[in-house]
Amino acid sequence: MSAANTAESADFRGPLDITRAATAVLDAESTVIGWSPAAAELLGYGPAEALGRPLSAFLSVHPVGGAPPVGIEAVAETDASGAPGTTGVPGTTATGIGPPSLVGNEIHVAHARDGRELLVATAMCPLPGGAADRGPGTPDRILVAAEVGELRHWESRLALLQGLATQSPVGLAIYDTDLRLTWCNTAYEREIGQPLAAFRGMRADELYGDGSFVTPGYPQTLDGVMHQVLDTGEPVLDLNFRAQQPSDPGRDHLWSCAYYRLEDAHGHVFGVCEDAFDITDRYRVQERLTLLVEAGRRIGTVLDVATTAEEIAEVAVPDFAATVRVDVTRAAVTGETAAVGSPADMALLRVADRSEPGTATPDPALPDPDPGPGVRGTGPLDSEGAESGPPGESGAASPGDDDRHPYPPVAYPPGSPQHRSLSSGGLVLDEGTLVVPLRAGGGILGLVTFDRGVGADTSGRPPAPDRATTFDNGEVALADELAARAAVCIDNARRYTRERTASLALQRQLLPHHLPPQSAVRTAYRYLPADDVTGVGGDWFDVIPLSGTRVGLVVGDVVGHGLQAAATMGRLRTSVRAFAQLDMPPDELLTRLDDLVGQPAEEPPGANGGAVETYDVTTGATCLYAVYDPVSRRCVMARAGHLPPAIVDPDGGVSFPDLPAGPPLGLGGLPFESMEFELPVGSLLALFTDGLVEARDHDIAHGLDTLGRVLGDRSASLEELCDRAVSELVPGGTSADDTALLLVRTRELDAERVAHWELNAEAVSVGRARELATGQLEAWGLEELVFATQLVVSELVTNAVRYAGGPLGLRLIRDRTLVCEVADTGHTSPHLRHSAEDDEGGRGLFIVAQLVQRWGTRYTPTGKTIWTEQTLPPADEG
């Protein structure tokens, strides 16, 4: 808008004001004796042409009431729709002028000099004195005229001012340069609660003394903002002002305010105008929306029931409630199914209790009279709902461990809002207390109690006067939404807790519960499950007794976490044990294991009844397998994508052998290779998974260096070394990946416990073998085993002489059992069978199997070895 238009729109003089209207002075005979410049401009007649002529030459004699004259022009501007044919007079069109008067003024048809006919509103003002005393040429009355459109616009502006003063919901006030109130509209009077006359002349800070602006970047007081506007002349818009409304004490309101300077026509400043609109309701809706957004961002960040309960309390206090208490069923904490029964069937635990400082409200909950042993005050709780055990022990809770939770049980008396909510399954509003149940899956997971603190606080002081003492409908809906979101997160955490508990239980059952003592090695181990966020992994280890007092050592890692990873770990561990019992060398065992893992990926999509396996955590698993022989002190090992072991010699030197790195299991394409070492007596082998040496804050190289430094201490026991390695590499007890560590100290069998002979492949060697075995058993004091051993040696050597060739080897090992081995150059393994009554042979191996504890075949590069184990007499087992 231009400056000219702005000045014109700001001129509130009426169109019939004599200073701006078309004016004619008439004598008693209605002859024009005076003609203003505005009249000349309106009709086009100059004073010389108009003076002395009758008024009827310019205006119709009678006011217009019916149809307008033919060709009449609507001098006013078109209506808002811009439709043609409008006259400028609302309610009139080309087919009818409408009422003959407009706001008390007559409407006439004016004849312009150029032939146009105009609708004008007129007003007549008689001059003082009687008309009879005035002759021709003597002023008798004054006529003013203006176009109808201009008059209508002026009346609209008057209506606007009247509406702002009496009907507008926006509070308007005018303050003088001393910031004293001089005028206000009806809305402002309603805010103050008094008529204008009662508070005219008061300062703004006197009316709202406790208020302040909350919009940053501006003065906080009314006085400061108004002075700024008066001094600079710059208007300010949308400043948020918070105060208690004089007509509504005890409750904070928020206004959106605008201020601009008032000046007269000459630019002199005479005050400042304030526009204020109450946006309290809108602001509260915005606060609720912001609270919901904040709840979506902060609630459910981790899959933990207690943490989720704390998060909803943190979000709601103090913006929504003075106190929030969250009670969760014991079943939800332990991961069991949500409760569906009566309140008596729901054991509640107080997992979160948060209050605004100084506003704690009374708690109607009663402590459980029989909380059970082990219940303590509030404290941290792991996601399984059980206390952490010592290193190496997983902390899953069992069904009988429910009473060990560190959260106090609570019970609510009948009639309390909480008891009523549990009974009805719905929310309960009782004055300033709102109880909302946590529902998910058709069951109740607990309760959330929102309390506004209507009573005195802990120090006896009443609540703040601006605090709402109850919940309106919108706030009840907000609380219901908050509880619904929290219930979904708690239910997810409950399901995760259940799965993690089951995974840990399955993993504990699949991992070795204890490692039996071995003559070949001394062992110690640690297993640490992953943290609550990552979930149970698939790391495993095992120590497998093999034939000939040898021992198999294995450690592996399955990709992924959860139940599937734990089950896959069990499959792999069982497969390794099965293959190890066949006395396979490490490279062949890994090859067989790789073939077994790769089989599911080769199945067609419909091989399982149309079910397609979308993800197999077995593929990509890693494994390290080693076999140690305490007789020869030789160790053979191979790996499939796993980290190499650490070897510490008796002098404390640490090395990580450069084993051939085979591919992870299930990928195929490359062969596995074994590497053989001779280990001095007392050497230390450390087999571990990457979770031990790799973490977010350091790489594998740093972890390997730390592990080597810890293992280099020769004065520490294996158990101490395990503890030190875990404490330094996994200081928090858990990490993003689970951790397995197996330490092995090698031993050597004394020469007195091993006897070995070379025999020729001839018949006389059978008797020779019996004699040698008998003599050695008598030397060891095992006369009770002589008869059975003679039968075993006779059968095995006879089979070797008959079906194999080359030199034969006979070895006796006195360990925890009596081991008898016969080696030959053949590659055919004997098979146990049942002979018919008329068969002449085939019974020897059957007899051997009945005499020994177990037997088997071990293939070597030069042939095979048939071995047996017999239980030692009770007196010799110690």
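Thresholds, definitions, all that
- Residues numbered from 1 in each chain as written.
- Predicted model: local features only at pLDDT ≥ 70, side-chain atom pairs only at ≥ 80, totals over all residues.
- Heavy atoms only, no water.
- Helix = DSSP H or I, 4+ residues; strand = E, 2+ residues; numbered from the N terminus.
- Buried < 20%, exposed > 50% of the residue type's maximum accessible area, 1.4 Å probe, protein only.
- Contact = heavy atoms within 4.5 Å.
- Patch = residues over 30% accessible without salt bridge, like charges linked within 9 Å, V, L, I, M, F, W, Y side chains within 5 Å.
- Areas by Shrake-Rupley, 256 points an atom, 1.4 Å probe, with all protein chains shown as cover.
- Salt bridge = Lys/Arg side-chain N within 4 Å of Asp/Glu carboxyl O.
- Polar contact = N/O pair within 3.5 Å; in protein donor to acceptor, adjacent residues only side chain to side chain.
- Phe/Tyr/Trp six-rings, centres within 6.5 Å; stacked < 30°, edge-to-face > 60°.
- Lys NZ or Arg CZ within 6 Å of the ring centre and 35° of its normal.
- Pairing = 2+ DSSP bridges.
- Axes fitted to C-alpha atoms, helices over the stretch in contact; angles between N-to-C directions.
- Expected span 1.5 Å × (residues − 1).
- Arc of directions from axis to C-beta.
- Parallel < 35°, antiparallel > 145°, perpendicular 65-115°, else oblique.
- Left-handed = near helix turned anticlockwise from the far one by under 90°.
- Core = buried A, V, L, I, M, F, W, Y, C linked by side-chain atoms within 4.5 Å.
- pLDDT = per-residue confidence, 0-100.

1. Focus on the overall build of the protein
No. 1: What the protein contains, in helices and strands, is 22 helices and 35 strands.
No. 2: Classification of the 878 residues of the protein by burial places 46% in the buried group.
No. 3: Restricting the contact set of the protein to residue pairs at least 6 apart, pairs at least 24 apart contribute 64%.

2. Some points on a nonpolar patch on the surface
No. 1: A contiguous nonpolar surface patch, about 520 Å² in accessible area, is contributed by Phe-787, Leu-791, Leu-832, Phe-846, Ile-847 and Leu-851.
No. 2: Breaking the nonpolar patch down by element, the ones donating at least two residues are α20 (786-803) and α21 (844-851).
No. 3: In terms of residues, the nonpolar patch owes the most to one element, α21, which gives three residues.
No. 4: Residue position: Leu-832 is located in the loop between β33 (817-824) and α21.

3. Examining the side chain of Asp-738
No. 1: In this fold, Asp-738 is placed in the loop between α18 (718-729) and β30 (739-746).
No. 2: One polar contact links Asp-738 to Tyr-527, side chain to side chain, over a distance of 3.2 Å.
No. 3: From its side chain, Asp-738 meets the backbone nitrogen of Asp-539 in a polar contact 3.1 Å long.

4. Re the packing of aromatic side chains
No. 1: Scanning all chains against the criterion turns up eleven aromatic pairs.
No. 2: Between the aromatic rings of Tyr-525 and Phe-541, the centroid separation amounts to 4.9 Å while the plane-to-plane angle is 40 degrees, which identifies the pairing as tilted. Taken together, the residues Tyr-525 in strand β20 (residues 521-528) and Phe-541 in strand β21 (residues 540-545) connect sequence positions 16 residues apart.
No. 3: These aromatic residues form a ring-pair network of at least three members: Tyr-208, Phe-213, Phe-241, Trp-255 and Tyr-259.
No. 4: The positively charged end of Arg-452 is found above the aromatic ring belonging to Phe-320, 5.4 Å away from the centroid.

5. A word on the sheet that holds β20
No. 1: A sheet is described by the order of its strands in space; here five strands give the open sequence β20-β30-β29-β25-β26, paired in antiparallel fashion. Two strands in the sheet have a free side with no partner beyond their single neighbour: β20 and β26 (654-655).
No. 2: Judged from the three bridges that link them, strand β25 (residues 646-648) and strand β29 (residues 684-688) form a sheet pairing that is antiparallel. If you follow Ile-647 over to β29, its bridge partner there is Leu-685.
No. 3: The strands that helix α17 (residues 700-711) touches are β25, β26, β29 and β30; relative to β29, the one it contacts most, it runs at about 145 degrees.
No. 4: In this fold α18 packs onto β20, β29 and β30, with an angle of close to 25 degrees to the strand it touches most, β20.

6. Focus: the sheet that holds strand β7 (residues 171-175)
No. 1: With antiparallel pairing, six strands are arranged side by side in an open sheet as β8-β7-β12-β11-β10-β9. The outermost strands of the open sheet, each flanked by one partner alone, are β8 (181-184) and β9 (212-213).
No. 2: Strand direction decides the pairing type here: β7 and β8, joined by three bridges, are antiparallel. Bridge pairing links Ala-173 to Cys-184 in β8.

7. Description of α18
No. 1: With twelve residues, α18 extends 16 Å from end C-alpha to end C-alpha; this agrees with the ideal 16 Å at 1.5 Å per step.
No. 2: Of all the residues in α18, the buried ones are Leu-718, Leu-721, Cys-722, Ala-725, Val-726 and Leu-729. Axial view of α18: buried residues confined to an arc of 125 degrees, hence all on one face.
No. 3: In this structure, the buried side of α18 is in contact with β20, β29, α16 (690-693), α17 and β30.

8. Some words on the environment of Glu-821
No. 1: Take Glu-821: it is sitting in strand β33.
No. 2: Accessibility expressed as a relative area gives 4% for Glu-821, which makes it buried.
No. 3: In sequence terms Glu-821 and Trp-867 are 46 residues apart; their C-alpha atoms lie 4.3 Å from each other.
No. 4: With sequence-adjacent residues up to four places away left out, Glu-821 is seen in contact with Gly-548, Gly-809, Leu-810, Arg-811, Arg-858, Thr-865, Ile-866 and Trp-867.
No. 5: At 2.7 Å, the side chain of Glu-821 and the side chain of Arg-811 are in polar contact.
No. 6: A polar atom in the side chain of Glu-821 sits 3.2 Å from the side chain of Arg-858.

9. Observations concerning the pattern of salt bridges
No. 1: Scanning the model with the defined rule gives 35 salt bridges in all.
No. 2: When the shortest N-O distance is used, the salt bridge between Asp-430 and Arg-420 registers 3.3 Å. Here Arg-420 lies in helix α12 (residues 417-424) and Asp-430 lies in strand β17 (residues 428-430), a separation of ten residues in the sequence.
No. 3: In this structure Asp-430 comes out as partly exposed when scored by relative accessible area, which is 31%.
No. 4: A cluster of three or more residues bridged by salt bridges with shared partners is formed by Arg-633, Arg-634, Glu-676, Glu-678 and Glu-748.

10. Description of the packing of helix α9 (residues 280-298) against helix α10 (residues 305-316)
A pair of packed helices is characterised by two quantities: the angle between their axes and the separation of those axes.
No. 1: For the pair α9 and α10, the least separation of the axes is 10 Å and the interaxial angle reads 155 degrees. On the basis of their axis angle, the class for α9 and α10 is roughly antiparallel. Handedness of the α9/α10 crossing: right-handed. Within the contact between the two elements, α9 uses Leu-291, Glu-294, Ala-295 and Arg-298 and α10 uses Glu-311, Glu-314 and Val-315.

11. Some words on the nonpolar core
No. 1: Residues Trp-540 and Leu-685 are the most contacted members of the largest nonpolar core, which totals 48 residues.
No. 2: In this structure, Leu-292, Ala-295, Val-305 and Ala-316 belong to the second largest nonpolar core, which totals 41 residues.

12. Description of the pairing of β30
No. 1: In terms of burial, β30 is largely enclosed, as eight of its eight residues are buried.
No. 2: By the alternation rule, side chains of β30 split into Thr-739, Leu-741, Leu-743 and Arg-745 and Ala-740, Leu-742, Val-744 and Thr-746, which are all buried.
No. 3: Note that β20 and β30 share eight bridges and pair antiparallel. Residue Arg-526 lies in a different strand from β30, and its bridge partner there is Leu-741.
No. 4: Pairing of β29 with β30 involves five bridges; the strand directions are antiparallel.

13. Concerning the side chain of Thr-746
No. 1: Among the secondary structure elements, Thr-746 is positioned in strand β30.
No. 2: Since its relative accessible area comes to 3%, Thr-746 is described here as buried.
No. 3: Contact partners of Thr-746, with chain neighbours within four places excluded, come to Ala-520, Val-521, Tyr-628, Leu-679, Pro-680, Val-681, Gly-682 and Ser-683.

14. Quick notes on the environment of Tyr-218
No. 1: By the secondary structure assignment, Tyr-218 is in the loop between β9 and α8 (222-232).
No. 2: On a C-alpha basis, the gap between Tyr-218 and Leu-239 in space is 8.4 Å, while along the polypeptide they are 21 residues apart.

15. Concerning helix α14 (residues 563-580)
No. 1: With 18 residues, α14 should cover 26 Å at 1.5 Å per step; its first-to-last C-alpha distance of 26 Å lies within 8% of that length.
No. 2: Among the residues of α14, those classed as buried are Ala-565, Ala-566, Thr-568, Met-569, Gly-570, Leu-572, Arg-573, Ser-575, Val-576, Phe-579 and Ala-580.

16. Digging into the packing of α17 against α18
No. 1: Across the interface, α17 lies against α18 with an axial gap of 9 Å and an inter-helix angle of 150 degrees. As judged from the angle between their axes, α17 and α18 are roughly antiparallel. Considering the relative orientation of α17 and α18, their crossing is right-handed. Across from Gly-703, Thr-706, Leu-707, Arg-709, Val-710 and Leu-711 in α17, the residues of α18 making contact are Leu-721, Arg-724, Ala-725, Glu-728 and Leu-729.

17. Examining the confidence of the model for the protein
No. 1: Looking at the protein as a whole, its pLDDT mean stands at 80, while 81% of the residues score no less than 70.
No. 2: In this model residues 1-8 is a low-confidence stretch, pLDDT under 50, and it forms three contacts with partners more than four residues away in sequence or in other chains.
No. 3: This stretch, residues 456-466, has a pLDDT under 50; its non-local contacts, to residues over four places away or in other chains, come to 16 contacts.

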